Amino acid sequence: MLSPLLANIYLHYVLDLWVNAWRKEARGDVIIVRYADDFVLGFQYRNEAERFLDALRKRFAAFGLEVHPEKTRLLEFGRFAEIDRAQRGEGRPDTFDFLGFTHSCAKTPRGWFTVRRKTIGKKLTATLKEVKKELRGHRYYAIAAQGAWLRKVIQGHFNYFAVPGNKPAIDAFRTEIIKACFSSLRKRSQKARKLTWDRFTRYVKSWIPTAKVVHPYPDRRFYAMHPR
């Protein structure tokens, strides 16, 4: 398995530069988003996506690589996908997972198309399980030390996952951590079992960051970085 650094270097030549050359021959738009060895490609026309996938498999094989058989698939996605599928009597567009998020076609409150990103369910469950395990290991630490550690963990989670449309998931993460922390503190000793929820909420206000969206929509970030 390649490290992220080696994957970036290797795939820059095997994939990135090749996609850029392939894009110049395409009739429609071609975009790519890659992180290490995970990447998503978008095509304006389905036939070009099919042709590219076939070429990609051959390209990788030439370098002793192969695309992941379970993660690699073609799907109809984008602002016209729902309308086009409805006209054909088909269901909603498929979703896909990428970099910790499940991506789906959605609309803003004003009715504009947007890509909704939600924390992958299995990812959220695994993260909660790991934090709860760490809480048990920190059970007998000083309360102030526990609070400082917990604040960093939760804020770090928010810094990545607090994107537009994902607030229910970060709310759920915060709620589950609060309940786990309360349960852990009450198991410190017989005296600790007398800790009330009302008293514990004082700790919550000091320790636990508020769950709120901290990232803008991708288009706003793009315009901020690439002003016209």
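Above this text is the structure in question.
Conventions and cut-offs
- Residues numbered from 1 in each chain as written.
- Predicted model: local features only at pLDDT ≥ 70, side-chain atom pairs only at ≥ 80, totals over all residues.
- Heavy atoms only, no water.
- Helix = DSSP H or I, 4+ residues; strand = E, 2+ residues; numbered from the N terminus.
- Rg over C-alpha atoms; globule rule 2.2 N^0.38 Å.
- Contact = heavy atoms within 4.5 Å.
- Areas by Shrake-Rupley, 256 points an atom, 1.4 Å probe, with all protein chains shown as cover.
- Axes fitted to C-alpha atoms, helices over the stretch in contact; angles between N-to-C directions.
- Parallel < 35°, antiparallel > 145°, perpendicular 65-115°, else oblique.
- Left-handed = near helix turned anticlockwise from the far one by under 90°.
- Nonpolar A, V, L, I, M, F, W, Y, C, P; charged D, E, K, R; others polar.

**Things to note about the overall build of the chain**
Reasoning step 1: If you tally the helices and strands in the chain, you get eight helices and five strands.
Reasoning step 2: Traced from its N-terminal end to its C-terminal end, the chain shows the element sequence α-β-β-α-α-β-β-β-α-α-α-α-α.
Reasoning step 3: Relative to its length of 228 residues, the chain is extended, with a C-alpha radius of gyration of 23 Å against a globular reference of 17 Å.
Reasoning step 4: Taken along its principal axes, the extent of the C-alpha atoms in the chain is 70 × 45 × 40 Å.
Reasoning step 5: Intrachain contacts of the chain at a sequence separation of at least 6 include 49% that bridge at least 24 residues.
Reasoning step 6: By element, 54% of the accessible surface of the chain is carried by carbon and sulfur atoms, the whole surface being about 15600 Å².

**Some remarks on the packing of helix α4 (residues 121-137) against helix α6 (residues 167-186)**
Reasoning step 1: Running from N to C, α4 and α6 point in directions that differ by 25 degrees, and their axes come no closer than 10 Å. If you check the angle between α4 and α6, you find them roughly parallel. Crossing handedness for the pair α4 and α6: right-handed. In contact with Leu124, Thr127, Leu128, Val131, Lys132 and Leu135 of α4, α6 contributes Ala169, Phe173, Glu176, Ile177, Ala180, Cys181 and Ser184.
Reasoning step 2: Here the residues of the contact of α4 with α6 are counted per class, giving nine nonpolar, two polar and two charged.

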